[in-house]
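What follows is each chain in one-letter form.
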Amino acid sequence: SLLGSTTISSDSILNSLKSAKENKNIKAVILEINSPGGTVVSSKEIADAVKNLDKPSVALIREVGASGAYWIASVSDVIVADPMSLTGSIGVLGSYLEFSGLLERYNVTYERLVAGDYKDLGTPFKKLNERERDILQGKLDLIYNYFIEDVARNRNMSLDRIRSLDDGAFYLGIEAKENVLIDVLGSKETAFNITKEKANITEAVLISF
């Protein structure tokens, strides 16, 4: 099982997926997920690795599988979630602290020396102007559209259906089941049994990565 309850780097997860793919004795993979998400690139890299497993995969959301973590889950053949788990949160967040007011209060000046009008875009030392805000929002919108389009493909759902659920809200497992964001309500044992069925085997041993 991957993506367990402890913090783990994306590189470690990718290495584990690679090992699972190359090991002929491993017939299927359970992605045990407990995560509110992560960076865009890391989430995409892991999702791509799951897509390329060439083996059955089942995602198990025990407590939280949201945002980038849900993106990864959506790639699996089946998503199992606890009825009280939190999932969804389909959206993209971009934020930073802005200190310009604090600098002004203490009579500190931000001396802007740039070659390229947007070189210091997003610096915390000055307020965003309207054009800069539009640029940053445009980048978030591009990422967001890529995210929801991939989830729609993975879940075999229409974009209109996904867009009705893409306001960034969390859903309990029982709500996610009603909205087709997950497939089955259940536990680790449920995921184990479904994975065996997907791999067309009756006996199996779980190996943790």
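To be clear, the structure that these remarks concern was listed above.
Presented here is an overview of the structure given in this document. (Residues numbered from 1 in each chain as written. Predicted model: local features only at pLDDT ≥ 70, side-chain atom pairs only at ≥ 80, totals over all residues. Heavy atoms only, no water.)

## Topic: the pairing of strand E2 (residues 57-66)
Successive side chains on a regular strand alternate, one facing one side of the sheet and the next facing the other.
Phase 1: Counting buried positions along E2 yields eight of ten residues, so the element is predominantly enclosed.
Phase 2: Across six bridges, strand E1 (residues 29-35) lies against E2 in parallel orientation. Looking at the pairing, Val29 lines up with Ser57 of E2.
Phase 3: Remark: the E1/helix H2 (residues 40-51)/E2 crossover connection has right-handed handedness.
Phase 4: Note that E2 and strand E3 (residues 78-81) share four bridges and pair parallel. The residue of E3 that forms the bridge with Leu60 is Val80.
Phase 5: Across three bridges, the pairing between E2 and strand E4 (residues 86-88) is parallel. Paired with Ala66 across the strands is Gly88, a residue of E4. (Buried < 20%, exposed > 50% of the residue type's maximum accessible area, 1.4 Å probe, protein only. Helix = DSSP H or I, 4+ residues; strand = E, 2+ residues; numbered from the N terminus. Pairing = 2+ DSSP bridges. Right-handed = clockwise from strand over helix to strand, strands pointing away.)

## A few points about the packing of helix H1 (residues 10-22) against H2
Phase 1: Running from amino to carboxyl end, H1 crosses H2 at an angle of 5 degrees, the nearest separation of the two axes being 10 Å. One element, H1, and the other, H2, form an angle in the roughly parallel class. Facing Ser10, Ile13, Leu14 and Leu17 of H1, the residues of H2 in contact are Ser42, Glu45, Ile46, Ala49 and Val50.
Phase 2: The residue inventory of the contact of H1 with H2, partitioned by class, reads six nonpolar, two polar and one charged. (Axes fitted to C-alpha atoms, helices over the stretch in contact; angles between N-to-C directions. Parallel < 35°, antiparallel > 145°, perpendicular 65-115°, else oblique. Contact = heavy atoms within 4.5 Å. Nonpolar A, V, L, I, M, F, W, Y, C, P; charged D, E, K, R; others polar.)

## Re the nonpolar core
Phase 1: By size, the foremost hydrophobic cluster in this structure holds 34 residues, and its most contacted members are Leu17, Leu31, Ile33, Val50, Ile79 and Leu181.
Phase 2: Per-element tally for this core: the top contributor is helix H3 (residues 68-75), with six residues.
Phase 3: Those residues in contact with Val50, other than ones at most four positions away along the chain, are Leu17, Leu31, Ser57, Ile72, Val75 and Ser76.
Phase 4: Formed by eight residues, the second largest nonpolar core is a distinct cluster that contains Ile30, Val58, Val78 and Ala191. (Core = buried A, V, L, I, M, F, W, Y, C linked by side-chain atoms within 4.5 Å.)

## Digging into the layout of surface pockets
Picture a little ball the size of a water molecule; that probe, rolled over the atoms, points out where space is still empty.
Phase 1: As a volume, the largest pocket reaches approximately 350 Å³.
Phase 2: Secondary structure elements with two or more residues in the lining of the largest pocket: H1, E1 and helix H8 (188-199).
Phase 3: The element best represented in the lining of the largest pocket is H8, accounting for three residues. (1 Å grid on protein atoms, 1.4 Å probe; cavity = no way out; pocket = protein on both sides within 12 Å on 5 of 7 lines; lining within 4 Å. Points joined across faces, edges and corners; volume = space filled by probe spheres on them.)

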